[in-house]
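So the chains spell out like this:
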Protein chains: 2
Amino acid sequence: MKRKPSTEATAAWIRLMRIQSRVLGAVEQDLKKAGFPPLAWYDALLELSRAPGGELRPVELEKQMLIPQYSTSRLIDRLVEEGLAARRECKMDKRGLFVEITEAGRDLQKRMWSAYSTAIERHVGSKLSDADAAKLCGLLDRLGCSCDQATPVPPSAVATR
Amino acid sequence: MKRKPSTEATAAWIRLMRIQSRVLGAVEQDLKKAGFPPLAWYDALLELSRAPGGELRPVELEKQMLIPQYSTSRLIDRLVEEGLAARRECKMDKRGLFVEITEAGRDLQKRMWSAYSTAIERHVGSKLSDADAAKLCGLLDRLGCSCDQATPVPPSAVATR
DNA sequence: GACTAATCCATGCAGGCGCATTTAATCAAG
DNA sequence: CTTGATTAAATGCGCCTGCATGGATTAGTC
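Structural notes, computed from the coordinates. (Residues numbered from 1 in each chain as written. Chains lettered and ligands numbered in written order. Predicted model: local features only at pLDDT ≥ 70, side-chain atom pairs only at ≥ 80, totals over all residues. Heavy atoms only, no water.)

Considerations on the sheet that holds strand S1 (residues 55-56) of chain A
All names here are of chain A.
- A sheet is described by the order of its strands in space; here three strands give the open sequence S1-S3-S2, paired in antiparallel fashion. The sheet terminates laterally at S1 and strand S2 (85-89), the two strands that pair on one side only.
- Summarising the sheet, S2 and strand S3 (residues 97-101) pair through five bridges and their orientation is antiparallel. Note on S3: the bridge partner recorded for Glu89 is Leu97.
- Of the strands in this sheet, S1, S2 and S3 touch helix H2 (residues 39-50), which is tilted by about 100° from S3. (Pairing = 2+ DSSP bridges. Helix = DSSP H or I, 4+ residues; strand = E, 2+ residues; numbered from the N terminus. Contact = heavy atoms within 4.5 Å. Axes fitted to C-alpha atoms, helices over the stretch in contact; angles between N-to-C directions.)

The following block contains the structure:
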């Protein structure tokens, strides 16, 4: 049998889609205007910078960022191309490799976080009290069924889409 | 001066991005598995079907759906190509045109809503009480600064991204 | 009416995504 | 050690998006 959603559920769905799109757009615009690359780059650089030794297997990166395999592969391409990361041989498993963040990568990550955090404050923080932000988190988490990760700050935020 | 976001605000931002992505992905998967086209098509067909005479100027569609101009232009291309809509001459303003939904278009919209509503129930409705869904709406709306439209059901939901 | 500005829509191009497949290496059995 | 299944990563293809631009028409001003 087919249950139909309540109007409340439908309204929540609409808001979730629309508001996310707006807020994401606004934040990405801010970053772009400041001359920075897309948020996905930030996420990847953050994960790498956090990893012990500043290096990670693509598979790990993929799991952290919750993006498909081919997507990480290409993201790494771009990071390497810009000198923000480097591919390194993986001796214990020659199918794979390590991706290591460079100094330029670490530097960019830090500079981006400065602009990024400002944008978050502008488009989210300033519109919600801490208590309300926490409530919002709680409600959203319930939609995430498998709410695995409690990501710490600064955020590996965007599933980039 | 640069204000930094609270950890609550940052956490809310992360959830907003991650959960939206997951829920959207889940709903789109359901639709795709049922053999339907992307959600954006549904939104367009819904707007058209609602419009008086079943026709709309691209400009109107653009405003309703909150997507960029070129995006509507190409979306219309695809709808026309599939026989779901037709371009018609606009006599009062020869720069423009009308897009009119076809019978096939109306039919598809109805069939999609059936699958779509089921998916919304599955991925949103079933996880939140009506009261909580309403709370979520309220909180999200506050992020939308210019909370212009109170969209009615069924939803013109997705800003498709 | 003539000229400039603004509006409506289409489109070429570059880049990114999703899908499916390929290549290479490891693992699991016999 | 050989075979077959599995996993890691890359890549070719088609579609979609964003950006910038172009062509056509209308509106505003004098």
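That shown, we press on.
A few points about the protein's contact with DNA strand D
- Near DNA strand D, the surroundings consist of 20 residues, among which Val59, Arg74, Arg87 and Arg95 of chain A together with Arg74 of chain B are the closest.
- Within the side chain of Lys32 of chain A, a nitrogen or oxygen atom sits 3.1 Å from a phosphate oxygen of DNA strand D.
- Between DNA strand D and Arg78 of chain B there is a distance of 3.2 Å, counted from a phosphate oxygen to a side-chain nitrogen or oxygen.
- Element by element, the count of residues in the surface near DNA strand D is highest for helix H4 (residues 69-81) of chain A, at four residues.
- Looking at the surface near DNA strand D, its residues break down into six nonpolar, four polar and 10 charged. (Near = heavy atom within 4 Å. Polar contact = N/O pair within 3.5 Å; in protein donor to acceptor, adjacent residues only side chain to side chain. Nonpolar A, V, L, I, M, F, W, Y, C, P; charged D, E, K, R; others polar.)

With respect to the packing of helix H1 (residues 7-33) of chain A against helix H1 (residues 7-33) of chain B
- Two elements in contact, H1 of chain A and H1 of chain B, have axes whose closest approach is 10 Å; the angle formed by their N-to-C orientations is 125°. If you check the angle between H1 of chain A and H1 of chain B, you find them oblique. For the crossing formed where H1 of chain A meets H1 of chain B, the hand is left-handed. In contact with Trp13, Leu16, Met17, Gln20, Val23, Leu24 and Val27 of chain A of H1 of chain A, H1 of chain B contributes Trp13, Leu16, Met17, Gln20, Val23, Leu24 and Val27 of chain B.
- Counted by class, the contact of H1 of chain A with H1 of chain B contains 12 nonpolar, two polar and no charged residues. (Parallel < 35°, antiparallel > 145°, perpendicular 65-115°, else oblique. Left-handed = near helix turned anticlockwise from the far one by under 90°.)

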